[in-house]
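Summary of the model geometry
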Amino acid sequence: MPEHRFLPGGMRRRKIPQVELKETGKKEKYDVAAALTKALLVFMISYGAVGGFLNAYGIAFNRFFCIGGLMGLALILAFIYETGKKWFTNLCVIGIFVAYAYVAVRRFWILNSGAYAVINEIYEAAQSYLGVVGGGLYNLQVEDTYQTVTAIALFVGVVFEILMVIRLQYKASLLRTVLFTFTLYFVPIYFEKTPDLLCLFLLLSGYATLGILQNARIKKNVSKQIKNALPIGMVLAGATVVLLGILLPKVRYWAVVPKNPVKAETEGTAMTFAQYGVMALFMNNAAGGGLNEGRLSQNTMMVPTDETHLIVRFTPYSMETTYLKAFTGLDYDGQRWSKATDVLGRSEDKMLATTAARKAEYEADPQIQPRGVMEVYNVGAAQGYEYRPYYTDVGEVMALPASGFPGGAKNGMSYTYYPVVRNDEVPGAGEEQINERYLWVPPICKRSVANACEEAALAGTPEEIAAKLVAFFEEKYAYTLRPGYYFGGLDYVSYFLSRNKKGYCTHFASAGTLMLRYMGIPARYVEGYVFSYTDVVTDGELMEDMEYKDYYDGYAPLGETAMMEVEIPDGQAHAWIEAYVEGKGWIVVNVTPSVSQDEEETASFWDAILGGGDQNAQDGDGQQAAAEYVENVLAGGMGVLGLLIAAVLAIFIGKHVMASYRESKLPGKERVQLEYGRMTAWVKDRDEEFRKLTTPGEELGYLATRYGVTIPENLQGELYGTFFAPETGRNYEQLRKQVTGLWKSVRKAHRRA
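Each chain has its residues counted from 1, following the order in which its sequence is written. This being a predicted model, a pLDDT of at least 70 is required before a residue's local features are given, and a value of 80 or more before pairs of side-chain atoms are given or counted; all residues contribute to the totals for chains, interfaces and linings. Side-chain figures throughout are based on the complete set of non-hydrogen atoms in the structure, without hydrogens or water.

Aromatic ring pairs are reported here in terms of the distance separating the ring centres and the angle at which the planes meet. Between 30 and 60 degrees the pair is tilted, below 30 it is stacked and above 60 it is edge-to-face, where a pair is any two Phe, Tyr or Trp rings, Trp via its six-membered ring, whose centres lie within 6.5 Å. Scanning the model with the defined rule gives 26 aromatic pairs in all. Relative to tyrosine 495, the ring of tyrosine 492 lies with its centre 5.9 Å away and its plane at 90°, an arrangement referred to as edge-to-face. Of this pair, tyrosine 492 and tyrosine 495 are both found in helix H17 (residues 492-500), three residues apart, which corresponds to roughly one turn of the helix. Think of it in three bands: with a 1.4 Å probe and only protein chains considered, a residue is buried below 20% of the maximum accessible area for its type, exposed above 50%, and partly exposed in between. By relative accessible area, which is 2% here, tyrosine 492 ends up buried. Between the aromatic rings of tyrosine 580 and tryptophan 586, the centroid separation amounts to 5.5 Å while the plane-to-plane angle is 65°, which identifies the pairing as edge-to-face. Grouping residues by exposure puts tyrosine 580 and tryptophan 586 together as buried. Aromatic ring contacts, followed pair by pair, group Phe472, Phe473, Tyr477, Phe496 and Phe508 into a single cluster. Across the ring face of tyrosine 555, the terminal group of arginine 422 is positioned such that the distance to the ring centre comes to 4.6 Å. Two conditions define a charge sitting above a ring: the NZ of Lys or the CZ of Arg must be within 6 Å of the ring centre, and it must be within 35 degrees of the ring normal. The lysine or arginine in question, arginine 706, covers the ring of tyrosine 707, its NZ or CZ lying 4.9 Å from the ring centre. Working definition: helices are DSSP H or I runs of at least four residues, strands are E runs of at least two. Numbering for both runs from the N terminus.

On to helix H24 (residues 696-707). Expected helix span is computed as 1.5 Å times (number of residues minus one). Along its 12 residues, H24 runs 16 Å from first to last C-alpha, staying within 8% of the 16 Å computed at 1.5 Å per residue. Every buried residue belonging to H24 is among Pro696, Gly697, Glu699, Leu700, Tyr702, Leu703 and Tyr707, and all of these are buried. Contacts between residues were defined by any pair of non-hydrogen atoms, one from each residue, lying within 4.5 Å. Here the buried face of H24 lies against helix H23 (668-686), helix H25 (715-724) and helix H26 (732-752). Positive backbone phi, at 70°, marks glycine 708, one or two positions downstream of H24.

What follows covers a nonpolar patch on the surface. Exposure above 30% relative accessible area and the lack of any salt bridge qualify a residue for a patch; like charges then connect within 9 Å, and the nonpolar side chains Val, Leu, Ile, Met, Phe, Trp and Tyr within 5 Å. For accessible areas, the Shrake-Rupley method is used with a probe of radius 1.4 Å. Any residue's cover is judged against the shown protein chains and nothing else. Any carboxyl oxygen of Asp or Glu that lies within 4 Å of a side-chain nitrogen of Lys or Arg is treated as forming a salt bridge with it. Together, Val159, Leu163 and Phe180 make up an exposed nonpolar region whose accessible area comes to about 210 Å². Among the secondary structure elements, leucine 163 is positioned in helix H6 (residues 145-168). What makes leucine 163 partly exposed here is its relative accessible area of 41%.

What follows covers the side chain of glutamate 161. Within the fold, glutamate 161 resides in helix H6. This count recognises Lys and Arg as positive and Asp and Glu as negative, with His and chain-terminal groups excluded. No salt bridge is formed by the buried glutamate 161; its nearest oppositely charged neighbour, lysine 38, is found at 12 Å. For glutamate 161, the residues in contact, after removing those within four places along its chain, are Val42, Phe43, Ser46, Leu70, Met71, Leu73, Ala74 and Leu77.

Encoded structure:
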């Protein structure tokens, strides 16, 4: 009489005789096709994720080397796992991990520079997309980004492949794989970056294959089933992209996929990360905006609050940057600059001879040298300083009445000044009394300064040296608001010049001042606030009740403009250099590298202020950018992939919710049978001996003996009654909870084992 296995619900099937390989002497055939297709699937998902991420940002790397390396490792891992010998598999994987760790340690700087090169590209894209400036980039120890990015791509791809192979040995989980690999695409998607079609197709094919395996509920011998599912997955992936391209025309993309409101709400956080990177999480060691008053901050980064510090009213006269001077540094002691006026007198930084020469030139011919009046109101800037435009007539400085202060201002000053509109020598400007301390370089940093001057090949006239210094810092050093920790040892300028090679304006201005002094050019460190012509026409407010002629007289490169009011936030505090040039007096030298590639506004003043095309141009630029994104979204496939992933997740979540709902409506007897069936199926997948058992009594006895769990006394009888007796008045909900508790105990025991 044949043996039978009882199943939940009273069903039964013929028991299939177990074949013992030991007794028959037969060996399971090594499945080469299964190993090959498993390797291909692992490669497709890993390279699709890593390569697609890099391609989305247009980052150059050696694709063929990366493809060859990842495909080779996938083949090795797949063929090793297909042997089915655990000791051999574990030994090989440990060996691969050891070799992997050895290479990572030996090539640390290559991998480190590759990671920073990728991060720099992300920051640049984010800053461009969000309109953020001032974030800066990381310095690279190895400048060959083609080599370093290829190395880091392989490094990340290897991690993906090892984890994928291990995971596929036991279960094909689409959701976990998507969460694990698609995470790389979140940042490019946020900033509307699209990968190339090949990587998208590889990744989508991998997801489709896993979806087929999971939907078929294949839990054993997953790798042997991949060879059947992978071709179907590839066909589905290709067909999906083509079909959505037909059903979703490019011109309708924005109508179907509007801007995500969650994205709009998170743009503030994204801007913070674009500017400060992961250090935004550690704001406790950050310096705020505003004046440093000569201190070279030892904080990890500078974090302006964007609060208004000054309000300026003036008449724009050129497109050059406007500098408002406050602090003048004299001596550098390794950590900060002393205040020149405290040592040499209150008039030391006022450039009296140069200003007098410009005033005399104005009185002789206003078309050569103009005169202006600027009102500066202190809202939140440091007290005890004047914030003066260059070449201010100290005899015509006066306090403004409080009745005219704009909102929040604590005080206001009116300055008559003589702006620079030509790069010509001014008779009498070279008669300043120059203190020899403006040539002093302290011994603590002299060697580093000398080495930097030699590396920059500084030579020529003072203006030629200044130009070379600007180019040297632009090429060799990185501007960043997050220079990192300074642990002491070297003085700060030496540390900046020889080791760190990145920082913000105070670091560049301090180093540049000492380098000019070393070259024999009198120089001094200066702090204050700056604002550009773009700041004026973009954020300024037209003061229609104030007459232009009362505030400006003489030649202006922009022509006659109007009185403007501009708010200056703390982030526009700046440090620069004053260098003394014969015939011109003290001039501004700004050696801090640019933090934005955007060109200055070139529209005329009135066109910009009155909206004669500027706002429309901005709107047009936005529409053009949107149109370009729509044109590329299907070609790159990112929109398709996003829609597909969202649809897949919605389907799986919906199926789970519906299944739970339907189960809750079943009779109590059937719910007990389902729960017990799930428990036994879970154990069978992990315990070969358990599969041989045929009745609930045998199964419960085995669980008690093998896993040491406690079986409730009435459970066996209640289960037999549930499976084989007619409907009775049993408490099925309590029985189901007993089975659930037993399953939980078995899982814990299995994990401990």
